[in-house]
Amino acid sequence: MFGFNVIPNLQTHLSDSLASFVPELIVCAAIIVMLVLRMLPRLRLHMGAVATAAVAIALALTVFQWFGIDSLNLLGSLSPKEPVFTGLLAIDNFTSFLRVMLLAFALLVTGLVLITGIVDEEDSADFFTLLLGGTLGMMLMASANHLLMVFIAVEMASLPSYALAGFLKGKKASSEAALKYVVYGGGASGVMLYGMSLLAGRFGTGYLPDLAAAIQDQMRAGAGTLVGLDPLVLLGLVLVLAGLGFKLAAVPFPFW
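Residues numbered from 1 in each chain as written. Predicted model: local features only at pLDDT ≥ 70, side-chain atom pairs only at ≥ 80, totals over all residues. Heavy atoms only, no water.

Draft legend 1. Here's a closer look at the overall build of the protein. A count of helical and extended segments in the protein gives nine helices and zero strands. The proportion of buried residues among the 256 residues of the protein is 39%. Summarising the internal contacts of the protein: among those between residues at least 6 apart in sequence, 71% fall at separations of at least 24. (Helix = DSSP H or I, 4+ residues; strand = E, 2+ residues; numbered from the N terminus. Buried < 20%, exposed > 50% of the residue type's maximum accessible area, 1.4 Å probe, protein only. Contact = heavy atoms within 4.5 Å.)

Draft legend 2. Highlighting the pattern of salt bridges. Applying the stated criterion to the full structure yields five salt bridges. We note a salt bridge from Lys 180 to Glu 176, for which the minimum N-O separation is 3.0 Å. Taken together, the positions of Lys 180 and Glu 176, both in helix 7 (residues 172-203) and four residues apart, correspond to about one turn of that helix. Exposure remark for Lys 180: the relative accessible area of 31% places this residue in the partly exposed category. (Salt bridge = Lys/Arg side-chain N within 4 Å of Asp/Glu carboxyl O.)

Draft legend 3. Spatial organisation of the layout of surface pockets. Considered as a void within the structure, the largest pocket measures approximately 330 Å³ in volume. Taken together, 15 residues line the largest pocket, and the ones lying closest to its centre are Leu 147, Val 150, Leu 208, Val 240 and Leu 244. Mapped by element, the contributors of at least two residues to the lining of the largest pocket are helix 6 (147-165), helix 7, helix 8 (208-221) and helix 9 (231-247). Among the residues making up the lining of the largest pocket, the classes are represented as 15 nonpolar, no polar and no charged. Elements with a contribution of two residues or more to the lining of the second largest pocket: helix 5 (121-143), helix 6 and helix 9. The class makeup of the residues in the lining of the second largest pocket is twelve nonpolar, four polar and one charged. (1 Å grid on protein atoms, 1.4 Å probe; cavity = no way out; pocket = protein on both sides within 12 Å on 5 of 7 lines; lining within 4 Å. Points joined across faces, edges and corners; volume = space filled by probe spheres on them. Nonpolar A, V, L, I, M, F, W, Y, C, P; charged D, E, K, R; others polar.)

Draft legend 4. Region of the structure containing the packing of helix 2 (residues 22-38) against helix 3 (residues 48-66). Here helix 2 crosses helix 3 at 170°, and the two axes come no closer than 8 Å. Overall, the two elements helix 2 and helix 3 adopt an arrangement that is roughly antiparallel. Residues Val 22, Pro 23, Ile 26, Val 27, Ala 30, Val 33 and Met 34 of helix 2 pack against Val 50, Ala 51, Ala 54, Ile 57, Ala 58, Leu 61 and Thr 62 of helix 3. Looking at the contact of helix 2 with helix 3 residue by residue, the classes come out as 13 nonpolar, one polar and no charged. (Axes fitted to C-alpha atoms, helices over the stretch in contact; angles between N-to-C directions. Parallel < 35°, antiparallel > 145°, perpendicular 65-115°, else oblique.)

Draft legend 5. Structural detail: a nonpolar patch on the surface. Side chains of Phe 94, Phe 97, Met 101, Phe 105, Leu 108, Leu 112 and Ile 115 sit close together on the surface and give an oily, nonpolar patch of about 730 Å² of accessible area. Relative to the helices and strands, Ile 115 is located in helix 4 (residues 93-116). For Ile 115, a relative accessible area of 70% gives the class exposed. (Patch = residues over 30% accessible without salt bridge, like charges linked within 9 Å, V, L, I, M, F, W, Y side chains within 5 Å. Areas by Shrake-Rupley, 256 points an atom, 1.4 Å probe, with all protein chains shown as cover.)

Draft legend 6. Seen up close, the packing of aromatic side chains. Applying the stated rule across the entire model yields six aromatic pairs. Judged by centre distance (5.3 Å) and plane angle (85°), the rings of Phe 127 and Phe 128 are edge-to-face. Each member of the pair, Phe 127 as well as Phe 128, carries the same accessibility label: buried. Taking the ring centre of Phe 203 as reference, the NZ or CZ of Arg 202 above it sits at 5.5 Å. (Phe/Tyr/Trp six-rings, centres within 6.5 Å; stacked < 30°, edge-to-face > 60°. Lys NZ or Arg CZ within 6 Å of the ring centre and 35° of its normal.)

Draft legend 7. Here's a closer look at the nonpolar core. By size, the foremost hydrophobic cluster in this structure holds 27 residues, and its most contacted members are Val 27, Leu 103, Phe 127, Phe 128 and Leu 132. Of all elements in the fold, only helix 2, helix 3, helix 4 and helix 5 reach the threshold of two or more residues within this core. Residue contacts for Leu 103: discarding those within four places in its chain leaves Val 27, Val 55, Ala 58, Leu 59, Thr 62, Thr 135 and Met 139. Leu 140, Ala 144, Leu 147 and Ala 214 belong to the second-largest nonpolar core, a separate cluster that totals 22 residues. (Core = buried A, V, L, I, M, F, W, Y, C linked by side-chain atoms within 4.5 Å.)

Draft legend 8. Spotlight on helix 4. Helix length check: helix 4, at 24 residues, gives a terminal C-alpha distance of 35 Å against a target of 34 Å (1.5 Å per residue), a fit within 8%. All buried positions along helix 4 are accounted for by Thr 95, Ser 96, Arg 99, Val 100, Leu 103, Ala 106, Thr 110 and Val 113. With a side-chain oxygen positioned 3.3 Å from the backbone nitrogen of Phe 94, the residue opening helix 4 is Asp 92. Phi turns positive, to about 70°, at Gly 117, one or two residues after helix 4. (Expected span 1.5 Å × (residues − 1). Polar contact = N/O pair within 3.5 Å; in protein donor to acceptor, adjacent residues only side chain to side chain.)

Draft legend 9. Structural view of helix 6. Between its terminal C-alpha atoms helix 6 stretches 27 Å, which fits the 27 Å expected from 19 residues at 1.5 Å a residue. Buried residues belonging to helix 6 abut helix 5, helix 7, helix 8 and helix 9.

Draft legend 10. Fine view of the packing of helix 7 against helix 8. Relative orientation of the contacting elements helix 7 and helix 8 amounts to 75°, with a least axis distance of 11 Å. Relative to helix 8, the element helix 7 is oriented roughly perpendicular. Facing helix 7, whose interface residues are Leu 199, Arg 202 and Phe 203, helix 8 presents Leu 211, Ala 214, Ile 215 and Gln 218. Here the residues of the contact of helix 7 with helix 8 are counted per class, giving five nonpolar, one polar and one charged.

By themselves, these observations are geometric and do not establish any function.
Rendered as structure tokens:
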């Protein structure tokens, strides 16, 4: 009896989750299309047009979602009111704003690449696949609601960035930057993951709202300052912020 009640609920929840995930699905579909076209030797196309079209469509749908426009009726409502995918992601107005910003910048980059012709037809599939892959990771970062999703999203944004930093293979500075980014990025990922494990182990959960509430309770008990935090929690926060700071090339981590 339990199974018959759960399965329809899971199907409904998955449908609602996919409705809010449409912009990311379009970016994923564009990446798959470009990789498939790259495998066809007789079909020589500049993938900038595919990437630009996909990003433009995803941007338009994100704007519709942000303003609660449901006229497209794609997989249901485009404006979910609760966390999706069992709470791993949270879609709200702030998430939609960050999505719009990320997709707008991705559209700007694709347009500039097409205008300047920096990437030729031969390398266009590789470049735009990496560009959209990094954009997808940053979109997941904007909606992450769990430490596990934070780590996965950060790595999804970082790994394409390693390759993009060294994409100009003929320039020594580009290759040097990519090598340093890979080496230090791997170390930063380990530091950040260890900090996350400390936080999740201390509070018994990885969900960001629960972690925020628990940390806030500890700070209230310590007169509202960081002094009241458990040293283990404080160490975990420092390690996570250090890892994220390196990924963002924030001071004092831009030396690479």
